[in-house]
Amino acid sequence: MKRILIVEDEQSIAELERDYLEISGYSVDIKDNGKDGLDSALSKQYDLIILDIMLPELDGFEVCKNIRNEKDIPIIMVSAKKEDIDKVRGLGIGADDYITKPFSPSELVARIKAHLSRYERLIGTSESKNDEVKIRGLLIDKNSRRVYVNDKEVILTTKEFDILTFLALNPNRVFSKEDLFENIWGMDSLGDIATVTVHIRKIREKIEADPSNPQYIETIWGAGYRFKV
Ligand code: CA
């Protein structure tokens, strides 16, 4: 089932959108401010985002820009003001579509369907097995950036996904924390090497049956981490 995130502070509109989308077979989450919307968009896997522009905490322009830095999923911007829509176009912040309020729910659903199918064509469907990494009960789908353990989906953050995929694509090799930091965050990233340890711990909590006795990512004391095959 496709998952859609609605970021909208007007409860009645959000609920109307949700009802129509659920009837159309989508699973829907609602966040009522920009900050929570951005957090969810980055930490969970959605197939499309409906983003209001006038939002408390963080406006839709900022939310859109920040999502775009990390993800290329379709974003449909919504506003009651035509000037806002012109601004979306003008700023080039990476929204895929924009729609003015009030709109008919069926028009919204039609646009969503169009964007989802366009995006699927773009990334290729999950049938292309080349982009899957399968090791024992672990399945990493690089196209949809989804991870399954024993057929059950686990939700990883962007960085957790990147680390796991990097290690799984280079099995049996030991990478130091510095290696991983450079590969995942980039050389000139401001940050702390200790963040690698934190991320590895979180990945284990999500994919391992017993995180203290890991079956996938092993710790090689004094050297780093190794993906076990
Ligand atoms: Ca609003």
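Residues numbered from 1 in each chain as written. Predicted model: local features only at pLDDT ≥ 70, side-chain atom pairs only at ≥ 80, totals over all residues. Heavy atoms only, no water.

A. Structural view of the domain arrangement of the protein chain. Considered domain by domain, the protein chain is made up of domain 1 (3–121) and domain 2 (129–227). One C-alpha centre belongs to domain 1, the other to domain 2; they are set 30 Å apart. Taken together, both faces of the contact between domain 1 and domain 2 bury some 650 Å²; the carbon and sulfur share is 37%. It is Ser-43, Gln-45 and Glu-70 that lose the most area in domain 1 upon contact with domain 2, and together they represent 66% of the buried surface on that side. In this structure, the connection of domain 1 to domain 2 is made through one salt bridge. A salt bridge links Arg-146 to Asp-47; the nearest nitrogen and oxygen atoms lie 3.5 Å apart. For the interface between domain 1 and domain 2, the tally reads two residue pairs in polar contact (both at pLDDT 80 or more). (Domains from an automatic or database assignment. Buried area = accessible area lost by both parts, 1.4 Å probe. Salt bridge = Lys/Arg side-chain N within 4 Å of Asp/Glu carboxyl O. Polar contact = N/O pair within 3.5 Å; in protein donor to acceptor, adjacent residues only side chain to side chain.)

B. Inspection of the packing of aromatic side chains at higher detail. All told, the structure shown has three aromatic pairs when counted by the stated rule. A centroid spacing of 5.3 Å and a plane angle of 15° characterise the contact between Phe-181 and Trp-185, whose relative ring orientation is stacked. Each of the two residues, Phe-181 as well as Trp-185, counts as buried. Sitting over the ring of Tyr-46, Arg-3 keeps its end group 5.2 Å from the ring centre. (Phe/Tyr/Trp six-rings, centres within 6.5 Å; stacked < 30°, edge-to-face > 60°. Buried < 20%, exposed > 50% of the residue type's maximum accessible area, 1.4 Å probe, protein only. Lys NZ or Arg CZ within 6 Å of the ring centre and 35° of its normal.)

C. Spotlight on the sheet that holds strand β8 (residues 146–149). Read across the sheet, four strands follow the order β6-β7-β8-β9 without closing on themselves; strand pairing throughout is antiparallel. Each having just a single partner strand, β6 (132–135) and β9 (152–154) make up the two edges of the open sheet. Neighbour-to-neighbour, the strand axes of the sheet open up by a mean angle of 25°, direction not taken into account. Pairing of strand β7 (residues 138–141) with β8 involves four bridges; the strand directions are antiparallel. Bridge pairing in β8 places Leu-138 opposite Val-149. (Pairing = 2+ DSSP bridges. Helix = DSSP H or I, 4+ residues; strand = E, 2+ residues; numbered from the N terminus. Axes fitted to C-alpha atoms, helices over the stretch in contact; angles between N-to-C directions.)

D. Looking closely at the sheet that holds strand β2 (residues 27–31). Ordered in space as β2-β1-β3-β4-β5, the five strands form an open sheet in which the pairing is parallel. Each end of this open sheet is capped by a strand with a single partner; those strands are β2 and β5 (97–100). Averaged over all pairs of adjacent strands, the angle between strand axes in this sheet comes to 20°, irrespective of strand direction. Pairing between strand β1 (residues 3–7) and β2: five bridges, direction parallel. Its bridge partner lying in β2, Ile-4 is registered against Val-28. This element, helix α1 (residues 11–23), spans β1, β2 and β3 (48–52) of the sheet and lies at about 170° to β2. Strand contacts of helix α2 (residues 34–43): β1, β2 and β3, with the helix running at about 160° to β1, the strand carrying the most contacts. (Contact = heavy atoms within 4.5 Å.)

E. Broad picture of empty space enclosed by the protein. This structure, assessed with the given rule, holds one cavity of 30 Å³ or more. Taken as a whole, the largest cavity encloses approximately 30 Å³ of empty space. Along its surface, the largest cavity is lined by Leu-42, Gln-45, Lys-71, Arg-145, Leu-156, Thr-157, Thr-158 and Phe-161. Here the lining of the largest cavity is built from residues that sort into three nonpolar, three polar and two charged. Formed jointly, the lining of the largest cavity draws a minimum of three residues from each of two domains, domain 1 (3–121) and domain 2 (129–227). (1 Å grid on protein atoms, 1.4 Å probe; cavity = no way out; pocket = protein on both sides within 12 Å on 5 of 7 lines; lining within 4 Å. Points joined across faces, edges and corners; volume = space filled by probe spheres on them. Nonpolar A, V, L, I, M, F, W, Y, C, P; charged D, E, K, R; others polar.)

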